[in-house]
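Coordinates in review
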Amino acid sequence: MDLAQRFTHDGLLRGMVGPGARRDPGRFDCMVEINPWTPEHEALSAMLYRGAIVSAWGFIETHLNETAVRCSWHEDYQPLLAKYPRILHERVQYLRDVLDAPGPLHPYRSYGHGLLQRFVDSAALRNTMAHARMEVLPPMGITFREVGRFDGELQQRRRRYQLVELQAMARRATRLSRLCQGVIEAINQRQLLPHHP
């Protein structure tokens, strides 16, 4: 009897064995890591909060992109743009330029700049949540490992959070997505931007 079988037989790992254990491919069908020391509920909680962060940023980014397109159709903002910016930070800069220019969004520039700055400040977290490998070891926390170019150098980066920290980050991300939704609703209700060219 191997170690995992013995622990499962003794009841020590019941609810903890990763996918494929005991030839049950459906066991913990949401777990992405095979780690016998990770309780299923801990892994599911970590994935829920990670998914909420990624989903919130997807929501915000899509709305910022749509708003940038709609701004490019408005006659007051057409002179600001020779061609639609394809890179995200260029679209954010375009929206900043829109807020500073005379036009229907100018009265909301302070609020808009704050929203854009919060989005930019969270870019590293969004990238980590979207691209890093996650490992859940409850006493040690949730570790995210990613390889990429950071500060101009190719390196591996590791960040560790406790579940309550991940929960707080998810709460902030979803709060910002709701603020973004409120801004879009206000723009639509006031008919500040065209819906088509």
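Because the structure is a prediction, the values reported are computed rather than measured. (Residues numbered from 1 in each chain as written. Predicted model: local features only at pLDDT ≥ 70, side-chain atom pairs only at ≥ 80, totals over all residues. Heavy atoms only, no water.)

**What about the packing of aromatic side chains?**
To describe a pair of aromatic rings, one takes the distance between the centres and the angle between the planes. Evaluated as defined, the whole model comprises two aromatic pairs. On the basis of an interplanar angle of 55 degrees and a centroid distance of 5.5 Å, the ring pair of Trp-57 and Phe-119 is categorised as tilted. Of this pair, Trp-57 sits in helix H2 (residues 40-73) while Phe-119 sits in helix H4 (residues 109-121); the two residues are 62 residues apart in sequence, bridging distant segments of the chain. When sorted by exposure, Trp-57 lands in the same class as Phe-119, which is buried. (Phe/Tyr/Trp six-rings, centres within 6.5 Å; stacked < 30°, edge-to-face > 60°. Helix = DSSP H or I, 4+ residues; strand = E, 2+ residues; numbered from the N terminus. Buried < 20%, exposed > 50% of the residue type's maximum accessible area, 1.4 Å probe, protein only.)

**With respect to the sheet that holds strand S1 (residues 133-137)**
Ordered in space as S1-S2-S3, the three strands form an open sheet in which the pairing is antiparallel. Each end of this open sheet is capped by a strand with a single partner; those strands are S1 and strand S3 (153-161). Mean inter-strand twist for the sheet, computed between neighbouring axes without regard to direction, equals 20 degrees. Where S1 meets strand S2 (residues 141-150), five bridges bridge the pair, whose relative direction is antiparallel. Among the inter-strand pairings, Met-134 is bridged to a residue of S2, identified as Phe-144. Lying over the sheet, helix H5 (residues 123-131) contacts S1, S2 and S3, oriented at roughly 90 degrees with respect to S3. Sheet contacts for helix H6 (residues 163-189): S2 and S3; angle to S3, the most-contacted strand, approximately 105 degrees. (Pairing = 2+ DSSP bridges. Axes fitted to C-alpha atoms, helices over the stretch in contact; angles between N-to-C directions. Contact = heavy atoms within 4.5 Å.)

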